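The lines below spell out each chain.
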Amino acid sequence: METGVAQQDVTPLPERLARLRDGDADSLRGVIDEFGPKLLNFVYRMVGDRSAAEDLTQEVFVKLLSHADEIRDERLLGTWLYSVARNHSINHLRSRKTAQRNRPEPPAEPSRPDEAAGRRELAEAVQRALDGLEEPFRTTFVLCVMQEMSYEEAAQAMSCSVKTVSSRLFRARDKFRELMRPYLYEVR
Amino acid sequence: MSCDPFRELLSQRLDGELPEDARPALEEHVSQCAACRGWEGEVRRSDAAAREAGAMALPAGFADGVRRVSARRRMPARVLRYAAAVAAGVLAGVFGTMALTPEPRTGPDPWTAADELGKHMHASKLLFRQAANLPGAAGDLELVRGEIRATSLVERTARLRAVPGQPPEVRDYLQAVEAALAAIEAGPAVERVRELAAGVQLDERIARVQQVTGAQPRPIPVVVEPSTPLGDPGAAIFAQGRANLFAGNYERAAALFESVKSGPYEEDAQYWYAAAQARQGRAADALRGLLVGTAERWRDLETAGLVKEVAARAGVVLAGRRPDSLKAEDVLAILQQPVTVMVLNSPRGQVMIVSPGQSPEAQLISDMPGVQIQRNGASAWMVVDVQQVQMDPRVLDRIIRLRDQFQNVGH
């Protein structure tokens, strides 16, 4: 089964990963441009805390720089990043025992005040519902629904089978739907 | 029958993941099950809400932050990597098997990558500082080469270069050092070595390495070189002396070299004794080693240049002349014959007089109280306490004239 995290082998390091390993600024910027926003939002939805999400996402890329030479297939770069991001998020949630979770913040640059209020309510509702999803259902939901990842990609990121992804996603969707029902019927 | 299997298929259909062979059964069920149709409708709406909830944008300077944090933490990762490499035997060699201290030990010197890098920086700092300040004496160049060998700096550089995943600042530093070492070993002129040493811009490079890795220069511990035949006390002492010299423990190094009175290392020890004393500003002792004790094979133009330099700094009279008025060839001519060195200690300071052969002054006072003489073959080293010696007035006059010539030189 594909684990999602590259296995050590003797093949030469792909050029982009080699440059990353060597700390090449342009390569890092390229990878961040490609994966950074998605990873940040994934982590944000996982932990529900904007500041923590930024820190954790930064940690993911920091780890990438020191472990780039462990990823022998560039196609697995995204999988590796999500896998690390997920682990970081779960560890963060575990370590955050009593701290009050920050409320989700409004999305950037709303055009009108009433739109801003509506978006804020929606963001809060979504985050509350996500908070109500247990692991690994939350990860599955965020990856497949919010990040629109394929089952295969999600399976790699979570080190599980495609069948497991499908099963988890169904349950996650069902639960999320239930948790979102008050918002969907009251607000919309 | 539970609707769950069909709802999982509906979930798959929403994502475009429904297998074709499952479609007919799903469509048949959905056409007959209002609850599943309702479920699918709600899921579509909740999914849409999740996607519309807004996205965060990366904060400004995110990439720079990643690089900064990475640079701060990179060294611990390297430490682990080096340790793993050692465990795998990749770095077996000087670090693993040759780092033996004189004290009995059960295993190799414990070390980390940061330590090793720190030692490397310390070694190269001393080396290049010396190379950059070569006074023009080829003897100093030999000292530089000797230190390169004594510290295994070439090998250390190569091994650190071979470790994968070095930060670019470390690779740049190692690459520059490697190139300069190769050039020095190739034997360019002293002037060229000075240029090389300056061109390396070592301080700047080391500062960058320190900033990125956090590694600090640290002295190389006393090591016994791999070629040293263990069990030979003289050889071991000699090796310790060189290690101490490089580590900056000049006093200890000089003591060790001086203690090697016999054996195959005696000749080298004389030279290195002088080098150790010269390093700590003890020109008199340095010259004692170079002029009186140094073996024949060191009496070449390079050593002559070193003698001239040390003597000039110390205000030593060489055959009645200021060293800076002498060519290296003249100094060599002095060295190639027996010399008498008179060290005159007086309240006004110390004066050294180097004379070819046995100077008449030296002969006159050699038996007097207050005169200590060390002989090495036909050469002599005399330490004279001017206050105690009852000198012939003519000798004293001459000595005083010589002393007054250099009265501003305190050494």
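Note that the coordinates shown come from a computational prediction; the quantities given were computed from them, not determined experimentally.

Trainee: Is there a simple way to think about the interface of chain B and chain A in this case?
Mentor: When the parts of a complex come together, some accessible area is lost, and that lost area is often used as the size of the interface. Listed per partner, the contact involves 40 residues of chain B and 50 residues of chain A. Contact with chain A buries surface across chain B, with Glu42(B), Arg45(B) and Met56(B) losing the most and accounting together for 17% of the total. Across the chain B-chain A interface, the total number found is six salt bridges. Between Asp15(B) and Arg173(A) there is a salt bridge, and its shortest N-O distance comes to 2.6 Å.

Trainee: Explain helix H8 (residues 153-162) of chain B to me, please; I cannot follow it from the model alone.
Mentor: The periodicity of an α-helix, 3.6 residues per turn, causes residues three or four places apart in sequence to face the same way. Within H8(B), the full set of buried residues consists of Leu153(B), Arg156(B), Thr157(B) and Leu160(B). Looking straight down H8(B), one finds its buried side chains confined to an arc of 100°; they lie on one side.

Trainee: In this structure, what is going on with the packing of helix H1 (residues 4-14) of chain B against helix H3 (residues 34-52) of chain B? I would like to understand it.
Mentor: When two helices pack together, their arrangement is given by the angle between the helix axes and by the axis-to-axis distance. Residues and elements named next belong to chain B. At a minimum axis separation of 11 Å, H1 and H3 run at an interaxial angle of 40°. Compared by their axis directions, H1 and H3 come out oblique. H3 is crossed by H1, and the crossing has right-handed handedness. From H1, Arg7, Leu10, Ser11, Arg13 and Leu14 reach across to H3, where they touch Ala35, Cys36, Trp39, Glu40, Val43, Arg44 and Asp47. The class makeup of the residues in the contact of H1 with H3 is six nonpolar, one polar and five charged.

Trainee: How should I be thinking about the pairing of strand E4 (residues 371-376) of chain B in this particular structure?
Mentor: For a regular strand, the rule is simple: side chains alternate between the two faces of the sheet. Inspection of the sheet shows E4(B) paired to strand E5 (residues 379-385) of chain B by six bridges, in the antiparallel sense. Across the sheet, the residue bridging to Asn376(B) is Ser379(B), located in E5(B).

Trainee: Would you mind showing me how to read the pattern of salt bridges here?
Mentor: Working definition: two side chains of opposite charge can pair if their charged atoms are close together. Tallied over the full model, the rule gives 17 salt bridges over all chains. The residue Glu42(B) makes a salt bridge to Arg177(A) at a minimum N-O spacing of 2.4 Å. Within this pair, whereas Glu42(B) is found in helix H3, its partner Arg177(A) is found in helix H8 (residues 162-186), the two belonging to separate chains. The same class applies to Glu42(B) and to Arg177(A), which are both buried. In this structure, Arg23(B) and Glu20(B) form a salt bridge, with 3.3 Å as the shortest nitrogen-oxygen distance. Members of the salt-bridge network, linked through shared partners, are Asp174(A), Arg177(A), Arg181(A) and Glu42(B).

Rules used in this analysis
Residues numbered from 1 in each chain as written. Chains lettered and ligands numbered in written order. Predicted model: local features only at pLDDT ≥ 70, side-chain atom pairs only at ≥ 80, totals over all residues. Heavy atoms only, no water. Contact = heavy atoms within 4.5 Å. Buried area = accessible area lost by both parts, 1.4 Å probe. Salt bridge = Lys/Arg side-chain N within 4 Å of Asp/Glu carboxyl O. Buried < 20%, exposed > 50% of the residue type's maximum accessible area, 1.4 Å probe, protein only. Helix = DSSP H or I, 4+ residues; strand = E, 2+ residues; numbered from the N terminus. Arc of directions from axis to C-beta. Axes fitted to C-alpha atoms, helices over the stretch in contact; angles between N-to-C directions. Parallel < 35°, antiparallel > 145°, perpendicular 65-115°, else oblique. Left-handed = near helix turned anticlockwise from the far one by under 90°. Nonpolar A, V, L, I, M, F, W, Y, C, P; charged D, E, K, R; others polar. Pairing = 2+ DSSP bridges.

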